[in-house]
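# Results of the structural survey
If you want the building blocks of each chain, they are given just below.
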Amino acid sequence: MSALATNIHNDSSPASAAGEGRRYFLAPNGWKGPVLFMLSMTAVGLSFYPAWLIVLMMLVRSFKTDRYEALIMLLIALGGYGFRHGPTTVECLIIYAAVVPLLLLLKKTAVTRRAVVAWAVYAAGCLLFASKSLEPLSGQLMMLMWYLSFLFFLIPLWMFAGRSFRMDDFFNRLYPYAVIYCVFYCLDGIILCGPVFLPELQPFIGAHPFWELYIIPFNGVARVYPPGFYLCLMLIYPLVRSYRLRWWEIILFLVALGITKTFSLISAVLLGFIICQKGFSKTSKYIVLGAGLFAAVYAIDLSISDVTQLATNEGSRLRIASTVNQFVLLDGAQDAEDIAEFGTGRMAQVIPKVERLYDMGLEWTGFGFLHPSKTDNQAFMITNELYSDISKNEESVAAVEVIPVQVFLNIGYLGLIWHILFLVGLILIIRKLPDSKYFWTLMVMFIWLGIAGFCGMVQVQGQMVVATAFAMVILQDKTRRGVNCAESPTPFRRD
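Let me begin by describing the structure that accompanies this report. (Residues numbered from 1 in each chain as written. Predicted model: local features only at pLDDT ≥ 70, side-chain atom pairs only at ≥ 80, totals over all residues. Heavy atoms only, no water.)

## As for the packing of helix H10 (residues 167-191) against helix H12 (residues 247-259)
Two measures define how a pair of helices packs: the angle their axes make with one another and the distance between the axes. Defined as follows: Note on definitions: angles span 0 to 180 degrees between N-to-C directions of axes, and those axes are lines fitted to C-alpha atoms, for helices only across the stretch in contact. Only runs of H or I of at least four residues qualify as helices and only runs of E of at least two qualify as strands under DSSP, and these elements are numbered from the N terminus. In these notes the angle categories are as follows: under 35 degrees is roughly parallel, over 145 is roughly antiparallel, 65 to 115 is roughly perpendicular, and the rest is oblique. Crossing handedness is read from the near helix: turned anticlockwise from the far helix by less than a right angle, it gives a left-handed crossing, and turned clockwise, a right-handed one. Contact definition: two residues touch when any of their heavy atoms are within 4.5 Å. Note on residue classes: Ala, Val, Leu, Ile, Met, Phe, Trp, Tyr, Cys and Pro are nonpolar, Asp, Glu, Lys and Arg are charged, and everything else, Gly too, is polar.
Interaxial distance between H10 and H12 falls to 9 Å at its minimum, and their mutual angle equals 55 degrees. Judged on the interaxial angle alone, H12 and H10 are oblique. Relative to H12, the crossing made by H10 is left-handed. Note on element contacts: H12 touches H10 through Trp 248, Glu 249, Leu 252, Phe 253, Val 255, Ala 256 and Ile 259, opposite Tyr 175, Val 179, Cys 182, Val 183, Tyr 185, Cys 186, Gly 189 and Ile 190. Here the residues of the contact of H10 with H12 are counted per class, giving 13 nonpolar, one polar and one charged.

Here it is, written out as structure tokens:
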């Protein structure tokens, strides 16, 4: 990690949009506001609901004074991102009720119109797949709204309608929130060892209200799950292209990333760092650097872990060696039970559910958008004999922790193709805009996260972040061209 950190800190190559050297992130509005907002969200997550008043007041105030800050606060408040679960069914309905009128009322550029049409066609296809399911549409509503939540991209477009927008201004407003997230990871993972500042990110312990906090100070390193890092991923692209980190920010970021103990997130950050590079030579250089860094982390994990138990997460301290070892074990698998151990047990979820899909002849259109906890149709219930814990073997086929397989289960082969075409279509729609790479590199990172069941491009938390990036590309292009933002066009030279 030291090689990567040294590069981030010392690289002084030109910034992408100007001939300047790399610069540090700033906090233009100071730290008091972000700290107060994040602590208020912590209080909300700890069931101190009066804190919602502070959150709402800060949202209203920032909407009047700084739309960048308001957008970041809105993302965190709606998405949860470690403080609370993502939007409920009622909250999703309210969001859609607020956003759908923008389809008609918002003044659109040609790019925006194409994006709206693409979303509408995708939504129509998803409704068609839902209509083929044995589950009534009312039982599919929540998951269907998750799939369609990319519509959130209209919110930033509406917030900055008639205003200028600069990505650098957004990145610098986001910076203090990313730092605070990393601090919260360190506090919950190393010092308190309990779900306090990020109440929803230690699911094996569960969220605890403020009157009965779960704290075991300095009890090793507790695993804190990745959702708090989702907004931090928005800073990977500018970090690679234009910015640098101070030494303490490097340490804080790497420690917080390590506390997640999540291979898919760590590898997504490395992947993002590689694909965001400019030019083939730099990309090749960082592929080699990333491979060397991965090998070093694997060696460290191997040296501090119980080598006799590498097939389990308990035996692998950093959960890197166990991940690699699973591929070795998969090569020698003899039956379904051996395969079921792959992916830290994820294949045990996948195998019987895919078998049921084929048994029902639904492999082309899927089961539908089944709710993971509310589906009770007996046609969708199975006894999973591949689980080692027999108390959990009665379940529905609704959910697996591998997003591509989840999409296949929901809408089958045809739906999987439909979903991929939608994502590719979004890339094609803005491909000619100067900053389009920011959008698709961020989307690739979230798709990679989905391999381990985190977010992907079908769950609302990931789609809100990527949809915001999509809108940012459109807004910056409008500002550059002086379209409906009360500013003169500015020249742009593509790197």
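## A closer look at a nonpolar patch on the surface
This is how it is decided: Nonpolar side chains (Val, Leu, Ile, Met, Phe, Trp, Tyr) are joined into patches within 5 Å and like charges within 9 Å, using only residues with over 30% relative accessible area and no salt bridge. Each accessible area is a Shrake-Rupley result for a 1.4 Å probe, and residues are judged covered by the shown protein chains and nothing else. Criterion for a salt bridge: a side-chain nitrogen of Lys or Arg within 4 Å of a carboxyl oxygen of Asp or Glu.
Taken together, Ile 190, Ile 191, Phe 218, Val 221, Trp 247, Trp 248, Ile 251 and Val 255 make up a surface patch of nonpolar side chains, about 760 Å² in accessible area. Mapped onto the nonpolar patch, the elements with two or more residues apiece are H10 and H12. The leading source of residues in the nonpolar patch is H12, at four residues. Note on placement: Ile 251 falls in helix H12.

## Considering the pattern of salt bridges
Stated precisely, the cut-off is as follows: Burial here depends on accessible area, computed with a 1.4 Å probe over protein chains only, as a share of the maximum for the residue type. Under 20% is buried, over 50% is exposed, and the range in between is partly exposed.
Applying the stated rule across the entire model yields seven salt bridges. Taking the shortest distance from any N to any O, the salt bridge between Asp 66 and Arg 173 comes out at 2.8 Å. Taken as a pair, Asp 66 in the loop between helix H3 (51-65) and helix H4 (67-79) and Arg 173 in helix H10 lie far apart in primary sequence, 107 residues in all. For Asp 66, a relative accessible area of 9% gives the class buried. What makes Arg 173 buried here is its relative accessible area of 13%.

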